[in-house]
Amino acid sequence: MMKTRAFSFLQTITTYTSSLIHNDNPNIRSTFYLSIPILVFSILLSIRWILNKKNPNQQLPPGPRGVPLLGSLPFLDPELHTYFADLVQKFGPIYKLQLGNKLGIVISSPSLAKEVLKDHDTIFANRDVPVAGRAVTYGGQDIVWTPYGPEWRMLRKVCVREMLSNHSMDAVHSLRHKEVRRLVQHIHSKIGSPVDVGEQMFLTILNVITSMMWGGTLKGDGRTKIGADFRQVVSEMTVLLGAPNVSDFFPSLARFDVQGIEKKIHVQFLRFDKIFDSLIEQRLKTEEGEEESSKDFLQLLLKLKDDEDSKVPFTMNHLKSLLMDMVVGGTETTSNTVEWGIAELMNKPETMRKAQEELDRVVGKDKSVEESHLPQLHYLQSVMKEVLRLHPALPLLVPHCPSSSCTVGGYFIPKGSRVFVNVWAIHRDPTIWVNPTEFNPDRFLNGECDFSGNDFKYFPFGSGRRICAGITMAERMVMFELATLVHLFEWNMPSSGKLNLDEKFGIVLKKAEPLVAVPTPRLSDPSLYA
């Protein structure tokens, strides 16, 4: 019945248009030409309504009405995670947002997250690849954006089994130890002076990752400057990856790059691609007689590329995409978590004192933290979990995209929708957590929550097939750096500074203002800082 009315409306417009065209009155014909844009707009809306109208039994989730053509795009808040959380109060834990030509679905409850990430895991295992994501991953050939299938399984296997397994992490223990000691020495050289905590964490993690990947490390006087430049590039890339892009919501306009996002991120991409090409060229020239102990993951990946027996070829673009994932995905997420950890502990001196007492008891006041101590630091593990509850690295995870239409929460979810799982909102839901905005590590002391993704009240690394591949490395690095900084130093704000815990949204959540704090030695033995 409603479709009949829509076709009748179109027929009326056609008849009316024909009568105006053939009218001999010049004023009426002039009016017609002026009304052409309105007529075209009306026709387009009617066609779109007809094409999009679903069976009444296929009811979409509720959501804001938006405006014609643009939908809710004009109303999006830059702090997308809090904007999405606020809409839950009006529309419930599942709602839709029309984003230009794209339909967005926002999930904000544990039961609905379970439906998406576990019950319908295979259907939602794909991505709606943004233009910026495709631009920095050689056409979307990395583990984050590659569609679910044999190619993705091959990349996941390379990451999890070859690069980021417990065995692989144990093999590069000495690299982490060396870089954390270098961090301690650098901070000790700045005693009494303000230190950008996040920047130093980023530098250390960058050195660990580049040492693992290709044996590179930043040393000497240029360490801070080069690392700061790297951090700026990575930060700009993650901001662009998380920015709403007209090209994503109106694919027909993508070739025009209206906001210039593709152009901007391509400039940063070329900087990394040039580095990767240089490193690969050096490795390919390496003599065959090089000792086994000096090999790194780049050599392993080059060997995989040359494996002709592989069912799914591992190409040079795959190789460089994985390097990009490690450098971009592994640095800022981990360094931001440590920065948040120090900031939250500074804001609650009693919690800081509990963490330091545990370190004194497990490590001792005459020793530095070693990775072997970490499993015994139960309170500090709770601190890390609480940091990731309040400030998950990816507040909306990486959006999912159903490969076929399905039902979630009793609502019809069309194929190709962009599905956001607001883990930030779930982690702060007052019906799940007591005093959800309070930083309280004690809530994790019972050991019930972990990072496996099986508990949909707490899953900072995601869940299902697309769960983060780097959990092992992230957990080790966050704990090792956080324990070392809390054990060896006291941290205070500069006399003119005030601690700010505001967030800034991006695909990676960060502090709105960098944490700049003044360190002082906490332990008396000078050899611990050498």
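Residues numbered from 1 in each chain as written. Predicted model: local features only at pLDDT ≥ 70, side-chain atom pairs only at ≥ 80, totals over all residues. Heavy atoms only, no water.

A.B. asks: I tried to follow the state of the cysteines on my own but got confused; where do I start?
C.D. replies: Simply put, disulfide is the name for a covalent bond between the sulfur atoms of two cysteines. Applying the stated criterion to the full structure yields 0 disulfides. Left without a disulfide partner, Cys 468 is nearest to the cysteine sulfur of Cys 159, which lies 9.7 Å away. (Disulfide = S-S within 2.5 Å.)

A.B. asks: Teacher, can you tell me more about the packing of aromatic side chains here?
C.D. replies: Ring pairs (aromatic) are described by centroid distance and by the angle formed between their planes. A complete count under the given rule lists 15 aromatic pairs for this structure. Pairing Tyr 138 with Phe 269 gives two aromatic rings, centres 4.9 Å apart and planes at 70 degrees, and the pair type is edge-to-face. With Tyr 138 in the loop between α5 (131–136) and α6 (150–163) and Phe 269 in helix α12 (residues 261–284), this residue pair connects regions lying 131 residues apart in the sequence. The pair formed by Tyr 138 and Phe 269 is uniform in burial state, with each residue classed as buried. Aromatic side chains Trp 433 and Tyr 458 sit 6.4 Å apart centroid to centroid with 70 degrees between the ring planes, which places their arrangement in the edge-to-face category. Residue Trp 433 is located in the loop between α17 (423–426) and α18 (471–488), and its partner Tyr 458 is located in the loop between α17 and α18; the two are separated by 25 residues in the primary sequence. By relative accessible area, Tyr 458 is classed as buried at 1%. Positioned over the ring face of Tyr 148 is Arg 153, at 5.4 Å from the centre of the ring. (Phe/Tyr/Trp six-rings, centres within 6.5 Å; stacked < 30°, edge-to-face > 60°. Helix = DSSP H or I, 4+ residues; strand = E, 2+ residues; numbered from the N terminus. Buried < 20%, exposed > 50% of the residue type's maximum accessible area, 1.4 Å probe, protein only. Lys NZ or Arg CZ within 6 Å of the ring centre and 35° of its normal.)

A.B. asks: Before we go on, may I ask you to explain the sheet that holds strand β3 (residues 195–196) in this structure?
C.D. replies: Remark on secondary structure: sheet strands pair via backbone hydrogen bonds, oriented parallel or antiparallel. In spatial order, the strands read β3-β10-β7; together these 3 strands make up an open sheet with antiparallel pairing. With partners counted over all chains shown, the strands left at the sheet margins are β3 and β7 (489–492), one partner each. Pairing geometry for β3 and strand β10 (residues 516–521), over 2 bridges, is antiparallel. Residue pairing across strands places Asp 196 opposite Val 516, the latter belonging to β10. α18 rests against β7 and β10 of the sheet, and its axis sits at about 85 degrees to β7. (Pairing = 2+ DSSP bridges. Contact = heavy atoms within 4.5 Å. Axes fitted to C-alpha atoms, helices over the stretch in contact; angles between N-to-C directions.)

A.B. asks: I would appreciate a short explanation of the packing of α12 against helix α14 (residues 316–347) in the present structure.
C.D. replies: When two helices pack together, their arrangement is given by the angle between the helix axes and the distance between those axes. Between α12 and α14, the least distance of the axes is 11 Å, while the angle of their chain directions is 120 degrees. The handedness of the crossing between α12 and α14 comes out as right-handed. When α12 is examined against α14, the residues Phe 269, Phe 272, Asp 273, Phe 276, Asp 277 and Ile 280 are found in contact with a partner set consisting of Met 316, Leu 319, Lys 320, Leu 323, Met 324, Val 327 and Val 328. Taken together, the residues of the contact of α12 with α14 sort by class into 10 nonpolar, no polar and 3 charged. (Left-handed = near helix turned anticlockwise from the far one by under 90°. Nonpolar A, V, L, I, M, F, W, Y, C, P; charged D, E, K, R; others polar.)

A.B. asks: Sorry if this is basic, but what is going on with a nonpolar patch on the surface here?
C.D. replies: A grouping of Val 67, Leu 69, Leu 70 and Phe 75 is seen on the molecular surface, where their side chains present a nonpolar patch of about 310 Å² in accessible area. Looking at the secondary structure, you find Val 67 in the loop between α2 (26–52) and α3 (80–91). (Patch = residues over 30% accessible without salt bridge, like charges linked within 9 Å, V, L, I, M, F, W, Y side chains within 5 Å. Areas by Shrake-Rupley, 256 points an atom, 1.4 Å probe, with all protein chains shown as cover. Salt bridge = Lys/Arg side-chain N within 4 Å of Asp/Glu carboxyl O.)

A.B. asks: Just to check I follow, could you spell out helix α16 (residues 378–390) for this structure?
C.D. replies: Since there are 3.6 residues in each turn of an α-helix, residues three or four apart along the chain are aligned in direction. The terminal C-alpha atoms of α16 lie 19 Å apart, and with 13 residues this matches the ideal 18 Å at 1.5 Å per residue to within 8%. Most of α16 sits inside the fold, with 11 of its 13 residues counted as buried. Elements in contact with the buried residues of α16: α14, α15 (349–362), α17, α18 and β8 (503–504). (Expected span 1.5 Å × (residues − 1).)

A.B. asks: Help me understand the UniProt feature "binding site: heme" (unreviewed entry) in the protein chain in this model?
C.D. replies: Per the UniProt entry, the sites bearing "binding site: heme" (unreviewed entry) are Cys 468 in this numbering. Along the chain, Cys 468 falls in the loop between α17 and α18. Those residues within four positions of Cys 468 in sequence are excluded, and the remaining contacts are Arg 156 and Phe 461. (UniProt positions renumbered as here; feature names shortened; annotations may be inferred.)

A.B. asks: I keep staring at the packing of helix α9 (residues 197–214) against α14 and nothing clicks. Help me out?
C.D. replies: For the pair α9 and α14, the least separation of the axes is 8 Å and the interaxial angle reads 145 degrees. Regarding α9 and α14, the two cross each other, and that crossing is right-handed. Facing α9, whose interface residues are Val 197, Gly 198, Met 201, Phe 202, Ile 205, Leu 206, Ile 209, Met 213 and Trp 214, α14 presents Leu 323, Met 326, Val 327, Gly 330, Thr 331, Glu 332, Thr 334, Ser 335, Val 338, Glu 339 and Ile 342. Taken together, the residues of the contact of α9 with α14 sort by class into 13 nonpolar, 5 polar and 2 charged.

A.B. asks: Explain the environment of Ala 125 to me, please; I cannot follow it from the model alone.
C.D. replies: Looking at the secondary structure, you find Ala 125 in the loop between α4 (110–119) and α5. For Ala 125, a relative accessible area of 1% puts it in the buried group. Residues Ala 125 and Arg 465, spaced 340 residues apart in sequence, show a C-alpha to C-alpha distance of 6.6 Å. Ignoring sequence-local partners within four residues, the contact set of Ala 125 consists of Tyr 148, Arg 465 and Arg 466.

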